[in-house]
Amino acid sequence: MAFEYAPAPESRAVVDIAPSYGLFIDGEFADAADGKVFKTVSPANEEVLSEVAQAGAADVERAVKAARKAFEKWSALPGAERAKYLFRIARLIQERSRELAVLESLDNGKPIKESRDSDLPLVAAHFFYYAGWADKLGHAGLGTDPKPLGVAGQVIPWNFPLLMLAWKIAPALACGNTVVLKPAETTPLSALFFADICRQAGLPRGVVNILTGDGSTGAELVAHPDVDKVAFTGSTEVGKAIARTVAGTDKKLTLELGGKAANIVFDDAPLDQAVEGIVNGIFFNQGHVCCAGSRLLVQESVQDELLDALKRRMASLRVGDPLDKNTDIGAINSAEQLARIKALADAGEAEGAERWAPACELPGEGYWFAPTLFTGVTQAHRIAREEIFGPVLSVLTFRTPEEAVAKANNTPYGLSAGIWTEKGSRSLWTAGKLRAGVVWSNTFNKFDPASPFGGYKESGFGREGGRHGLEAYLNV
Amino acid sequence: MSDRLSVFKTYKLYVGGKFPRSESGRVYEVTDAKGKWLANAPLSSRKDARDAVVAARKAFGGWSGATAYNRGQILYRIAEMLEGRREQFVSEVADAEGLSKSKAAAQVDAAIDRWVWYAGWSDKIAQVAGGANPVAGPFFNLSTPEPTGVVAVLAPQESSFLGLVSVIAPAIVTGNTVVVVASEKAPLPALSLGEVLATSDLPGGVVNVLSGRTAEIAGPLAAHQDVNAIDLAGVAGDREEATALETAAADNLKRVHRPQAVDWTADPGTDRMLAYLETKTVWHPMGV
């Protein structure tokens, strides 16, 4: 018999959440001009964690002004000095990583083992990586003396609140820009804690400004005439709206949007490793990942064997308290997102795909969705075409490598893909044919600040990470 | 003094490696800088634009899959073919732009040299724009630039040949295919370029040349769901039109090259090549 797991909760005593937070503008926390606030809840139990300010047009105006004023001095600072601020921030993040990991899991619902072992180390690594670029911009292959753009307006999603902040802020500051960042409505807290880290680091006032709010705040920010650069990570639908807003202006734009990645398993793949990769590909972060491997393309001859192993593995996934160190799958981020996942999963059944989920007891309160598998999926099904952004895997089959590639590319998206095969030439051939910005071969969902990330087609344009990530924040 | 009557040339579009007339059956009068009639050029329709996109898409797989060395050879071959027809282009450019023969010759020579310059880029751009990423883990991790797909190019209005070559060559050298809308009032050098391309080993459909009203064809190209990028050089100076096209291009998140003042005689840099490249990053575990 198997032993039961005892609860192993991480202590939340390390994090001190204030009952309310203001906006971080020009180095100070301040209420929204019109006094509006909204609540942020823990998706695991719907507990109200704090109340934050809803930034309006006047607040956007103030924040952009502060960033503009700070830009003059910040951009004139020698790169080596800017680097030192970024190194300080990286160190402070490492020092406070336990606190930030717990906070992130509370506000987002993601398992502590992921926020602790994946998000926070990557956040610190990002600041370290771009800190080192700040005094070497002339060597980046982007011209001998590339200049910053000015004020960057940045809007980030709720799936990796602090990591997406790092992806946006670290390169922007390294290049000499100042920023106004809007975190997602449902996950505002870690950005506000980051504001405190900026204060601890002694970052000059106005270099980083944080505006909490909803989509209307983001729309105000990207439309502001004094913003020189817009960076957005989120849905393709909103990305298109932003591209229209920015059209005809001089604003530089980068977009990291949705995806519907194919994870292709050939018949010679190491199946046990592939199963781990599939699970990691779709159930990491509850499937709230734009590059999630949400379409499993399996070669027909190994379908049964692979699906049996996958189902066995899925039955061992532990769903529950995000702060429990043994939890594999945490809470869905919001009631709204849960409704969207449910609707798409229902559409999958209605359209004739076969639904399967392991026996799995879900907590009574909070927002939860069991890891789910659909077989008998065709390319026409909504669950094969639309981004679900949840722990739902659609399985399709193929017979030849050509068919796998055709099916993999049969989507307006082009963010990521996976390949599982032991044959090197087949792997490289497939990688070459896939229209996707990131291809993981015999692995999945790996990220690194030195590695460019971004999409083809309607998954957006521009790259984040690596030398390529600098281009978005320089006049090149 | 000869009584011989010269043979006029019927200028035609260049689409899918063939020379069709406009599907619409329309033409418009092309005059020289002084207003003297030169020829009737095809007045392309939206259908011609759609046909050209189909041809460009069809050619994309083969052209993007060709080796960089092969693409470089073919771009150089274009320069060779142009050199042989230099006099024709000098005279067409002189007529089109109202230039003296020597100034027109300088434009044509620069255009030929530009093909040579870009030919040399084909097998170097990946080394400059891509590379190995030293990630913090046991992975082989490589970023490579790849062509974005079908690029719609609104060629610059004033520089009928050097400007034209300067917007086509950087898009195709990396493996993209192109639908180009020639300068509206001076389309003849572009239509003649089609004849050169057809004899340069360039596969049919890699470059498709349309002539006509830029405003009439640009809208459908900007809104076309199977076009991946658009160069708005041809609407420089019309901010309203450029904004409308960029807005339409957002529907499928086309890569947009915004119009800007360009000195076509200056070193073009890598800007226009990089504008139509995606970066693909491939990870593979390392170990024994």
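Rules used throughout
Counting from 1, residues in each chain are numbered in the order their sequence is written. Key to labels: chains lettered from A, ligands numbered from 1, both in the order written. Per-residue local features of the predicted model are confined to residues with pLDDT of at least 70, and side-chain atom pairs are confined, for both listing and counting, to 80 or more; whole-chain, interface and lining totals are unaffected and use all residues. Each side-chain value is derived from all of the structure's non-hydrogen atoms; neither hydrogens nor water enter the calculation. Secondary structure counts use DSSP, requiring at least four H or I residues in a row for a helix and at least two E residues in a row for a strand, with both numbered from the N terminus. This radius of gyration counts C-alpha atoms alone. The globule rule is 2.2 Å times how many residues there are, raised to the power 0.38. Burial here depends on accessible area, computed with a 1.4 Å probe over protein chains only, as a share of the maximum for the residue type. Under 20% is buried, over 50% is exposed, and the range in between is partly exposed. Contacts were defined at the residue level, with two residues in contact if any of their heavy atoms lie within 4.5 Å. Residue burial considers only the protein chains on display, and all accessible areas are found by Shrake-Rupley using a 1.4 Å probe. The convention is simple: Lys and Arg are positive, Asp and Glu are negative, and His and the chain ends are not counted. The atoms used to mark charge sites are NZ of Lys, CZ of Arg, CG of Asp and CD of Glu. Salt bridges, as used here, are contacts in which a Lys or Arg side-chain nitrogen is within 4 Å of a carboxyl oxygen on Asp or Glu. Buried area, as used here, totals the accessible surface that two parts lose on assembly, with accessibility defined by a 1.4 Å probe and the loss added over both. Pairs of N or O atoms are called polar contacts if they sit within 3.5 Å, as long as, within protein, a hydrogen donor faces a hydrogen acceptor (for residues adjacent in sequence, only side-chain-to-side-chain pairs). In short, DSSP must find at least two bridges between two strands for them to pair. Working rule for helices: expected span equals 1.5 Å times residues minus one. To get the bend at any residue, fit one axis to the seven residues that end at it and another to the seven that begin at it, then take the angle between the two axes. Only C-alpha atoms enter the line fits that serve as axes; for helices the fit covers just the stretch in contact. Angles between N-to-C directions range over 0 to 180 degrees. Note on ring pairs: Phe, Tyr and Trp rings are taken, using the six-membered ring of Trp, and paired if centres are within 6.5 Å. Classes follow the plane angle, with under 30 degrees stacked, over 60 edge-to-face and the rest tilted. Two conditions define a charge located above a ring, namely a distance within 6 Å from the ring centre to NZ of Lys or CZ of Arg, and an angle within 35 degrees of the ring normal. We call a crossover right-handed when, viewed with both strands directed away from the observer, the connection leading from the first strand over the helix to the second proceeds clockwise. Throughout this description, any angle smaller than 35 degrees is read as roughly parallel, any larger than 145 degrees as roughly antiparallel, any in the 65 to 115 degree range as roughly perpendicular, and the remainder as oblique. Left-handed describes a crossing whose near helix is turned anticlockwise from the far helix through less than a right angle; right-handed describes the clockwise counterpart. Charged means Asp, Glu, Lys or Arg here, nonpolar means Ala, Val, Leu, Ile, Met, Phe, Trp, Tyr, Cys or Pro, and polar covers whatever is left, Gly included. Think of pLDDT as the predictor's per-residue confidence, scored from 0 to 100. Take the buried Ala, Val, Leu, Ile, Met, Phe, Trp, Tyr and Cys residues and link them wherever side-chain atoms come within 4.5 Å; each set so joined is a nonpolar core. Points on a 1 Å grid over protein atoms alone make up a cavity when a 1.4 Å probe fits among them but cannot get out, and a pocket when they form an open set with protein on both sides within 12 Å along at least five of seven lines; lining residues each have an atom within 4 Å of a point. Grid points are joined across faces, edges and corners, and a volume is the space filled by probe spheres set on the points. Throughout, the arc means the angular range of directions from the helix axis out to the C-beta atoms.

Take the overall build of chain A next. Helix and strand counts for chain A come out as 14 helices and 17 strands. Its C-alpha radius of gyration of 22 Å places chain A within 12% of the 23 Å reference for a compact globule of 476 residues. Looking at chain A residue by residue over its 476 residues, the buried ones come to 63%. Excluding contacts between residues fewer than 6 apart, the proportion of contacts in chain A whose partners are at least 24 apart in sequence is 75%. Split by element, the accessible area of chain A, about 17000 Å² in all, is 51% carbon and sulfur. Of the side chains in chain A, 50 bear a positive and 59 a negative charge, and the two mean positions are spaced by 5 Å.

Further remarks concern the pattern of salt bridges. Once the charged atoms of two side chains with opposite charge are near each other, the side chains can pair. Residue and element names in this part refer to chain A. Within this structure, the stated rule accounts for 47 salt bridges over all chains. One salt bridge connects Arg 12 with Glu 47, and the closest N-O pair in it is separated by 3.1 Å. Placement of Arg 12 in the segment before β1 (20–21) and of Glu 47 in the loop between β4 (37–41) and β5 (48–53) is noted, with a sequence separation of 35 residues between them. Relative accessible area serves as the criterion here: at 36%, Arg 12 is assigned to the partly exposed category. When salt bridges with common partners are traced through the structure, they connect Arg 96, Glu 99, Asp 196 and Arg 199 into a single cluster.

A separate point is the interface of chain A and chain B. For an interface, size is often stated in terms of accessible area lost upon the parts coming together. If you look at the interface, chain A gives 43 residues, while chain B gives 35 residues. Summed over both partners, the interface of chain A with chain B comes to about 2900 Å²; 50% of that surface belongs to carbon and sulfur atoms. For the pair chain A and chain B, the interface holds four salt bridges. For B:Arg239, the salt bridge is made with A:Asp250, and the minimal N-O distance between the two is 3.6 Å. For the pair chain A and chain B, the number of links is 28 residue pairs in polar contact (both at pLDDT 80 or more). When contributions to the side of chain A that touches chain B are tallied by element, the ones reaching two or more residues are α8 (236–246), β10 (252–256), α14 (424–433) and β17 (438–441) of chain A. Ranked by residue count, the leading element in the side of chain A that touches chain B is α8(A), at six residues. Pairing analysis gives three bridges linking β17(A) to strand β10 (residues 277–285) of chain B, with the strands arranged parallel. Following the sheet pairing, A:Val438 is matched in β10(B) by B:Thr281.

So, on to helix α4 (residues 112–133) of chain A. Residues separated by three or four positions in an α-helix point in the same direction, a consequence of the helix having 3.6 residues per turn. Here α4(A) spans 31 Å end to end across 22 residues, near enough to the 32 Å set by a 1.5 Å rise per residue. Of all the bends in α4(A), the greatest, near 30°, is centred on A:Asp119, and the proline A:Pro121 appears no more than four residues after it.

One open sheet accounts for ten strands, arranged β13(A)-β14(A)-β15(A)-β12(A)-β11(A)-β16(A)-β17(A)-β10(B)-β4(B)-β3(B); its pairing is mixed. Where the open sheet ends on each side, the last strands, each with one partner, are β13 (354–356) of chain A together with β3 (131–132) of chain B. Both β3(B) and strand β4 (residues 139–147) of chain B contribute to a ladder of two bridges, which runs antiparallel. Paired with B:Ala132 across the two strands is B:Leu142, which belongs to β4(B). The sheet strands contacting helix α9 (residues 271–283) of chain A are β11 (262–265), β12 (295–299), β14 (372–375), β15 (392–398) and β16 (416–420) of chain A, and the helix crosses β11(A) at an angle near 175°.

Moving on, we come to the packing of aromatic side chains. This model, assessed by the stated rule, comprises 20 aromatic pairs over all chains. Measuring from ring centre to ring centre gives 5.7 Å for B:Phe8 and B:Trp37, while their planes differ by 50°; the resulting arrangement is tilted. Of this pair, B:Phe8 sits in the segment before β1 (27–31) while B:Trp37 sits in strand β2 (residues 37–42), placing them 29 residues apart in sequence. Plain terms: the ring middles of B:Trp117 and B:Trp121 are 5.9 Å apart, the flat faces sit at 80° to each other, and that makes the pair edge-to-face. Here B:Trp121 and B:Trp117 lie together in helix α4 (residues 101–121), a separation of four residues that amounts to about one turn. Above the plane of the ring of A:Phe266 lies A:Arg426, whose end atom (NZ or CZ) is 5.4 Å from the centre. Above the face of the B:Phe60 ring, B:Arg57 is positioned so that its terminal group lies 5.7 Å from the ring centre.

Right, let's get into the pairing of strand β7 (residues 207–210) of chain B. Every other side chain in a regular strand lies on the same face of the sheet, so the side chains alternate between the two faces. Residue and element names in this part refer to chain B. Neither face of β7 is exposed, since Val 207 and Val 209 on one face and Asn 208 and Leu 210 on the opposite face are all buried. Pairing analysis gives four bridges linking strand β6 (residues 177–181) to β7, with the strands arranged parallel. Each bridged residue has a counterpart across the sheet, and for Val 180 the counterpart in β7 is Val 209. Between β6 and its parallel partner β7, the chain crosses via helix α7 (residues 188–198), and the hand of that crossover is right-handed.

Residue and element names in this part refer to chain A. Where helix α3 (residues 97–108) meets α4, the axes come as close as 9 Å, and the angle between the chain directions of the two elements is 125°. When the interaxial angle is binned, α3 and α4 end up oblique. As for how α3 packs across α4, the hand of that crossing is right-handed. Side by side, α3 and α4 meet where Ser 97, Leu 100, Ala 101, Val 102, Glu 104 and Ser 105 of the first sit next to Ile 112, Ser 115, Arg 116, Asp 119 and Leu 120 of the second. Taken together, the residues of the contact of α3 with α4 break down into five nonpolar, three polar and three charged.

This brings us to the confidence of the model for chain B. In this model, chain B carries a mean pLDDT of 97, and residues with pLDDT of at least 70 account for 100%. Across the interfaces of the predicted complex, the ipTM metric reaches 0.96, alongside a pTM of 0.96.

On to the nonpolar core. Counting residues in hydrophobic clusters, the biggest one holds 115 residues, and the most contacted among them are A:Ile93, A:Phe127, A:Leu165, A:Phe194, A:Val208, A:Val265 and A:Leu310. In terms of residue count, helix α5 (residues 161–174) of chain A provides more of this core than any other element does, eleven residues in total. Residues within four places of A:Val265 in sequence aside, it is in contact with A:Leu271, A:Ala274, A:Ile278, A:Leu296, A:Leu297, A:Val298, A:Gln299, A:Leu306, A:Phe398 and A:Trp420. In terms of nonpolar packing, the next biggest core, distinct from the first, is built from 84 residues, B:Ala59, B:Ala104, B:Val173 and B:Ala182 among them.

With a phi close to 60°, A:Phe389 is a non-glycine residue in the positive phi region. Assignment of secondary structure puts A:Phe389 in the loop between α12 (382–385) and β15. Residue A:Phe389 is classed as buried on the basis of its relative accessible area, which comes to 17%. A positive phi is found at B:Asp201, a non-glycine position, where the angle reads about 70°.

In this section: the sheet that holds β6(B). Residue and element names in this part refer to chain B. The parallel open sheet is built from five strands, whose spatial order is β7-β6-β5-β8-β9. If you trace the sheet from one side to the other, it starts and ends with β7 and β9 (255–257), each paired once. Put simply, the sheet's adjacent strands are angled 15° from each other on average, direction ignored. With three bridges joining them, strand β5 (residues 150–154) and strand β8 (residues 229–231) adopt parallel strand pairing. Its bridge partner lying in β8, Val 153 is registered against Asp 231. Relative to β6, helix α8 (residues 214–223) is tilted by about 150°, and along the sheet it contacts β5, β6, β7 and β8.

Moving on, we get to empty space enclosed by the protein. Residues and elements named next belong to chain A. On inspection of all chains with the given rule, the structure shows six cavities of 30 Å³ or more. By volume, the largest cavity is sized at about 110 Å³. Together, 17 residues line the largest cavity, and Arg 295, Ala 408, Ser 416, Arg 435 and Ala 436 are the ones closest to its centre. Along the lines of polarity and charge, the residues of the lining of the largest cavity split into eight nonpolar, five polar and four charged.

Bringing helix α9 (residues 239–249) of chain B into the picture now. Along α9(B), the residues that are buried comprise B:Ala242, B:Leu245, B:Glu246 and B:Ala249. Down the axis, α9(B) shows its buried residues gathered within 100° of arc, on one side only. At its buried positions, α9(B) is contacted by α8 of chain A together with β5, α8, β8 and β9 of chain B.

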